[in-house]
Each structure stands twice: as structure tokens, then as C-alpha cells.
Amino acid sequence: MSQHIGVIGLGSLGANMARLLAEDGYAVHAYDLDGARTANAAEHAGVTGHNSARAVAEASTLVLLSLPQSEAVAAACLGPDGVLEGAARGLLVVDTTSGYPERTREIAAELAAAGVRYIDAAITGEEGGAKALPKRALTFCVGGAEADVAQARPILERMARYVYHVGPLGAGQIVKMVNNMVSSAAGVAAIEGLLIAAKHGIDVKMAAQVLDKGTGMNFFCRHPDFALTPGVEGGFQLGLMTKDLRHMSEFARRSDVPALVTDHIFHLFELFVREQGYGADILRQVDVMQKWAGVRLDGTLLEG
């Protein structure tokens, strides 16, 4: 394949994107602020490491961004040695970051003035993005112009089970925020309910199965081992989910929509982060809720 794909941001998602696309025969150009991550990515055949976002843009016909938040996207695209300095007219930037829609549109407008096109392609998956990507089972919710989405679709489909074009630029990130809010609220409710069941001697796996086959279905009832297995990781940081929920709270307010559930879940996740730390895995919320309840999901009572 002659197409050259850039990947900027080489955390767990970006590094796997680079690896999978290289395995498919694409020439992949990779960069991360952390030079060790760039070097690790370049160990895979077909991946060339670079020392700046600018160099990746110069070498690529399409650039994927996999960054923690919108300001990191702004720095990579518009900052010194950024995409804008190296991009030829017509370059397509595909932003998979869970960013803030209004900031995304601002960044896209500055790039558009130089002839650089931009779409947002936020990531989720039936087991979460980190678990789904190695299986090529992501779900992309994409916002942008029809022609730009059509160009990106063959690349996205290499990594995804589902690719949904949900609307104009920023729409993908809005749908992702909604997804994370609903997922977080349902997850907290499921863990809380299952802890009550556990405290009364009920087999939690059986209770979860009932919920999954009834109207209480959600992620933790479909995959109870994620909550029941001590130390298991979901592959996403508590702090990043809290950031997404903060964005959702702000966006709901700007949209003049009451954010009763969103605000409550956002503040609850702030407490999880206070207990476990920003970089803790998303599933450490289960540890906190077990501590508060005084019981583990396996029915073991906790002292104190």
C-alpha cells in the first residue's frame, strides 16, 4: 500500500493503531512527546519514528491523533514543530482524542485556513476502546464533512467493528461524551446494586446475569469479571474519564440541558480520583465502592 499514515500520540491506543496499520502494509510515521514511546513504536516493521509532529505531517497523507485532551491536540497541531508547519494542502487530520467539541472546531478552523482538513473520530467499544482495539473491534463515532469521512473510513475500518458518521465536525466527540456519561452512571449504579446483593449473601454473578437479561443490563452485568477480579484493568485512566465527565457537565450547561445525573457522576468520579489518583485504572472505582460499602463483591465483609 502506498498510503503513508501518521500517528501522533503513542499511548496504549496510539501505539496499537500504529502497529495494526503497519501490519496491514501501510507506511506508518509515528511521534510522541515521550521519545521512549516513539522508539518502542519504531521497533515494529513498517513504523518510522520521527522527532516532531511536523515531521509526521510532512511524511503523511493522513494523520491520526491519539492524545489525552484538546489542549494537547492544539499543541500538536498548532504549536512549534506542529502539524500545521509540516502539512501540505489537502492533508486530512483524524482526531481520535476525547476532546471538547468547541475547542476542536477552533483548532480545525486554524488548520482549514492553511488547507488542512480535519474530522473527529472518537473511540469507544463494547469492552472499552483499550480492550477492543487489539481485536480490531472499536466503535468510531465520527464528525466531519462527508467526503473527508469517506476518505478516512477505510483506515478506521481496519481497526473497528463499527464506524458511525454521526454529524458535522464535533459531533463525534459529543456522542462520545454522552456515551461516557451514560456508561459511567450505569456502571456506578450496577456496582452499587451488586454490592447490596453481595451483602445479603446473593451470588453476584447470578444477580449480574439476571440484570443482563432484564432491563438493568449494562457493561458490568455483561462482563462481571471486570468488577469481580481483583486488580484487573480496564485500560483507561480514572482521571481521563473524570475529564470527559467534566466536559460533559460543561457542555450540557452550555446547551441549556439540566445535567442532574452528569454533575452527580462527575463529582463522584472526582472522589474516586482523590482516593486512587489521576492515573489509576478506571476499574479502581470498584475498589473505592467496596471500601465504602464494607463488603467485596464476592461477599467478603471488610473490617472497619
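Residues numbered from 1 in each chain as written. Predicted model: local features only at pLDDT ≥ 70, side-chain atom pairs only at ≥ 80, totals over all residues. Heavy atoms only, no water.

Q: Where do I start with the sheet that holds strand 3 (residues 47-49) in this structure?
A: For sheets, the rule is that strands pair by backbone hydrogen bonds, running either parallel or antiparallel. Reading across from one edge, 3-2-1-4-5-6-7-8 is the order of the eight strands in this open sheet, with mixed pairing throughout. The strands lining the two open edges of the sheet, one partner per strand, are strand 3 and strand 8 (160-167). Going across the sheet, the axis of each strand differs from the next one's by a mean of 25 degrees, ignoring polarity. Sheet contacts for helix 6 (residues 101-112): strand 5 (92-95) and strand 6 (117-125); angle to strand 6, the most-contacted strand, approximately 145 degrees. (Pairing = 2+ DSSP bridges. Helix = DSSP H or I, 4+ residues; strand = E, 2+ residues; numbered from the N terminus. Axes fitted to C-alpha atoms, helices over the stretch in contact; angles between N-to-C directions. Contact = heavy atoms within 4.5 Å.)

Q: What's the story with the side chain of D24 in this structure? I'm lost.
A: With respect to the element layout, D24 can be found in the loop between helix 1 (12-23) and strand 2 (27-31). When its relative accessible area of 19% is taken as the criterion, D24 is described as buried. A distance of 2.9 Å separates a polar atom in the side chain of D24 from a polar atom in the side chain of R136. (Buried < 20%, exposed > 50% of the residue type's maximum accessible area, 1.4 Å probe, protein only. Polar contact = N/O pair within 3.5 Å; in protein donor to acceptor, adjacent residues only side chain to side chain.)

Q: Looking at this structure, I do not really get the pairing of strand 5. What am I missing?
A: Where a strand is regular, its side chains alternate between the two sheet faces. Of the two faces of strand 5, both are covered, the one formed by L92 and V94 as well as the one formed by V93 and D95. Inspection of the sheet shows strand 4 (residues 62-65) paired to strand 5 by four bridges, in the parallel sense. Its bridge partner lying in strand 5, V63 is registered against V93. Pairing of strand 5 with strand 6 involves four bridges; the strand directions are parallel. What sits directly across from V94, in strand 6, is I119. With helix 6 bridging strand 5 and the parallel strand 6, this β-α-β connection has right-handed handedness. (Right-handed = clockwise from strand over helix to strand, strands pointing away.)

Q: Mind showing me how you'd approach the nonpolar core here?
A: Generally speaking, nonpolar side chains in soluble globular proteins are found buried as a group. Counting 37 residues, the largest nonpolar core has F220, F269 and F272 as the members making the most contacts within it. Among the elements of the structure, helix 9 (171-199), helix 10 (204-212), helix 11 (219-222), helix 12 (225-228), helix 13 (238-254), helix 14 (260-276) and helix 15 (284-293) are those that each provide at least two residues to this core. If you tally residues by element for this core, the top one is helix 9, at 10 residues. Residues L21, I123, I155 and M159 belong to the second largest nonpolar core, which totals 33 residues. (Core = buried A, V, L, I, M, F, W, Y, C linked by side-chain atoms within 4.5 Å.)

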